[in-house]
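Given next are the chains, with one letter for each unit.
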Amino acid sequence: MIEKNFIFNLNTKDTGASGSVTWQSPSNIALIKYWGKTDPQIPKNVSISFTLSNCNTQTTVKYRPKSSISEDFDFKIFFDQKENQSFRRKIEQFFERVVPYIPFIRNYEFEIHTGNSFPHSSGIASSASGMSALALCLMSIQKSMDPHLSEIDFNQKASFLARLGSGSAARSIEGPLVVWGQHHSIFKSSNLYGTKYSGEIHDVFTSFQDTILLVDKGEKKVSSTLGHKLMLGHPFAESRFEQAKDNMNRLIAILKNGELDSFIDIIEREALSLHAMMMTSDPYFILMKPNTLEIINRIWNFRELSGCHICFTLDAGANVHVLYPDKDKKAVRDFIDKELVQFCQNGQFIHDNVGNGAKLL
Ligand code: PMV
């Protein structure tokens, strides 16, 4: 699939109808991390994530034909029922990027209502769930004009559009595991959109648990956008991109055989490599906090003492994602309550688990 195949031919199909559509779209947590991209949102390496379930965004888009023709995008955006100006620029930029592929958006006025299942400013990135939910709503509008669009094409284009809003959003359409970025061993993997991982998946991974420990809810000092940019010209960039490719190769075998010690090794290596890139870029920066390290050390001690298959991963922030198989749920949750909650800001954490993707409501 190439970019021009995603262009929807408006003139033949725009029905000019009004309507409303609602999607609930999940967040995801990367196992192999994406860090470094070129325009337009093309990743420098393959990534794969668990789709989550409880952390999601619900978005409703109400649409009707514009009363007079104009080139401007005509929309209002409401977050938690309140009109939100700070999201306006982001949506406008998203519309600019996607309009070549869904030109009908110039002919409509939109009212976008959105909200997250997780607390606002929890430090959990809402861009993946938010951008994918909006992309899915726009695709439902396209589908209303083009009812023969297949589910495969629908999901592929939703992921393609979501990617243009936020790279990791490309992985939030389906589940339980989604790959984004070309990899020689993964059939149909693409830099343009995420695809549901089609290799064999051991049962242990379809019920994996993720408890997100909210260590720091403040605004990040360095945005992901800048962090990705700093990978261009980074002294370790090429080795990092190679490492991600090799880790993906190793993970393919592990996803099939369910070997959890090797799984843990790759997951933690990926998280630390991501942060090592931040610590060695120019300018350098650190997003982990003292409590992030305290939690990591406690996880390592507990793993050694208990034999539970618990590990951690991090995204671009201080929060810790604690990953563990369903069989260890009770022991790990007791450990989290007893030892880790004290390191969370206001004691806040979220229990989540692997999910199957976005839902039309
Ligand atoms: O989607 P972005 O541009 O916010 O980048 C996210 C990058 C990481 O979360 C750090 C890794 C990943 O693959 O999700």
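Just so we're clear, the structure is a prediction, and the values are computed from it rather than from any experiment.

Thresholds applied
Residues numbered from 1 in each chain as written. Predicted model: local features only at pLDDT ≥ 70, side-chain atom pairs only at ≥ 80, totals over all residues. Heavy atoms only, no water. Salt bridge = Lys/Arg side-chain N within 4 Å of Asp/Glu carboxyl O. Helix = DSSP H or I, 4+ residues; strand = E, 2+ residues; numbered from the N terminus. Buried < 20%, exposed > 50% of the residue type's maximum accessible area, 1.4 Å probe, protein only. Arc of directions from axis to C-beta. Contact = heavy atoms within 4.5 Å. Pairing = 2+ DSSP bridges. Core = buried A, V, L, I, M, F, W, Y, C linked by side-chain atoms within 4.5 Å. Phe/Tyr/Trp six-rings, centres within 6.5 Å; stacked < 30°, edge-to-face > 60°. Axes fitted to C-alpha atoms, helices over the stretch in contact; angles between N-to-C directions. Parallel < 35°, antiparallel > 145°, perpendicular 65-115°, else oblique. Left-handed = near helix turned anticlockwise from the far one by under 90°. Nonpolar A, V, L, I, M, F, W, Y, C, P; charged D, E, K, R; others polar. Domains from an automatic or database assignment. Buried area = accessible area lost by both parts, 1.4 Å probe. Polar contact = N/O pair within 3.5 Å; in protein donor to acceptor, adjacent residues only side chain to side chain.

Opposite charge on two side chains permits them to pair, given that their charged atoms come into close proximity. Tallied over the entire structure, the rule returns 13 salt bridges. Close ionic contact of Arg240 with Glu270 constitutes a salt bridge, the shortest N to O distance being 2.7 Å. Of this pair, Arg240 sits in helix H6 (residues 237-257) while Glu270 is found in helix H7 (residues 260-279), placing the two residues 30 residues apart along the sequence. Side by side, Arg240 and Glu270 carry an identical accessibility label, which is buried. Measuring nitrogen to oxygen at the nearest pair gives 3.2 Å for the salt bridge that ties Glu242 to Lys245.

Buried within helix H9 (residues 329-340) are the following residues: Val332, Phe335, Ile336 and Leu340. Seen end-on, H9 carries its buried residues on one side only, within an arc spanning 105°. Set apart from the buried face of H9 by more than 90 degrees, the exposed residues are Lys330 and Lys338. Packing partners of the buried residues in H9 comprise strand E10 (209-213), helix H8 (290-306) and strand E12 (320-324).

With that out of the way, let us pick up unusual backbone geometry. Leave glycine aside and you will find that most residues have negative phi; peptide bonds, for their part, are mostly trans. Put simply, Asp39 and Pro40 share a cis peptide bond, and its omega is -15°. For the bond from Asp282 to Pro283, the omega torsion is 5°, close enough to zero to count as cis. Examined against the element boundaries, Pro283 turns out to sit in the loop between H7 and H8. With a phi angle near 50°, Asp80 is a residue other than glycine that sits in the positive phi range. Positionally, Asp80 belongs in the loop between strand E5 (74-79) and strand E6 (82-83).

Bridging between E5 and strand E7 (residues 108-116) involves six bridges; their strand directions are parallel. By the bridge assignment for E7, Lys76 is matched with Glu111. For E5 and E6, the ladder comprises two bridges, and the chain directions are antiparallel. Its bridge partner being in E6, Phe79 is matched across the sheet by Lys82. The turn joining E5 and E6, which pair antiparallel and follow one another in sequence, is formed by two residues; a positive phi near 50° is taken by Asp80.

Note on soluble globular proteins: their nonpolar side chains tend to be buried together. Core analysis: the biggest nonpolar cluster contains 43 residues, and Phe95, Ile105, Phe110, Ile112, Leu138 and Ile141 have the highest contact counts within it. Broken down by secondary-structure element, the contributors of at least two residues to this core are strand E1 (19-32), strand E4 (47-65), E5, helix H2 (88-98), E7, helix H3 (127-145) and helix H4 (151-165). Residue contributions to this core peak at nine residues, all from H3. Beyond its immediate chain neighbours, meaning those up to four positions away, Ile141 contacts Val21, Val61, Tyr63, Phe104 and Phe110. Counting 33 residues, the second largest nonpolar core, distinct from the first, contains Leu177, Met248, Leu251 and Cys311.

By the definition in use, this model includes 21 aromatic pairs. With a centroid separation of 6.3 Å and 45° between ring planes, the pair formed by Phe50 and Phe263 is classed as tilted. Remark: Phe263 occurs in helix H7 and Phe50 occurs in strand E4; sequence separation between them is 213 residues. As far as the burial class goes, Phe50 and Phe263 line up, both buried. Aromatic side chains Phe208 and Phe263 sit 5.3 Å apart centroid to centroid with 65° between the ring planes, which places their arrangement in the edge-to-face category. One end of the pair, Phe208, is in the loop between strand E9 (194-196) and E10; the other, Phe263, is in helix H7, and 55 residues separate them in sequence. Looking at Phe208, the relative accessible area reads 1%, which means it is buried. Owing to a relative accessible area of 1%, Phe263 belongs among the buried residues under this scheme. One aromatic cluster in this structure is built from Phe8, Tyr63, Phe73, Phe75, Phe94, Phe95, Phe104, Tyr108 and Phe110.

This next bit is on the packing of H2 against H4. At their nearest, the axes of H2 and H4 sit 9 Å apart, and the two run at 130° to each other. If you check the angle between H2 and H4, you find them oblique. Taken as a pair, H2 and H4 cross one another with a handedness that is right-handed. Contacts between H2 and H4 involve Phe94, Arg97 and Val98 from the first element and Leu161, Leu164 and Gly165 from the second. Among the residues forming the contact of H2 with H4, the class breakdown is four nonpolar, one polar and one charged.

Domain annotation for the protein chain reports domain 1 (3-200) and domain 2 (208-353). Distance from the C-alpha centre of domain 1 to the C-alpha centre of domain 2: 26 Å. Tallying the contact residues gives 33 residues for domain 1 and 43 residues for domain 2. Around 3200 Å² of area is buried between domain 1 and domain 2 when both sides are counted, 69% of it from carbon and sulfur atoms. Our count for the domain 1 to domain 2 interface comes out at twelve residue pairs in polar contact (both at pLDDT 80 or more).

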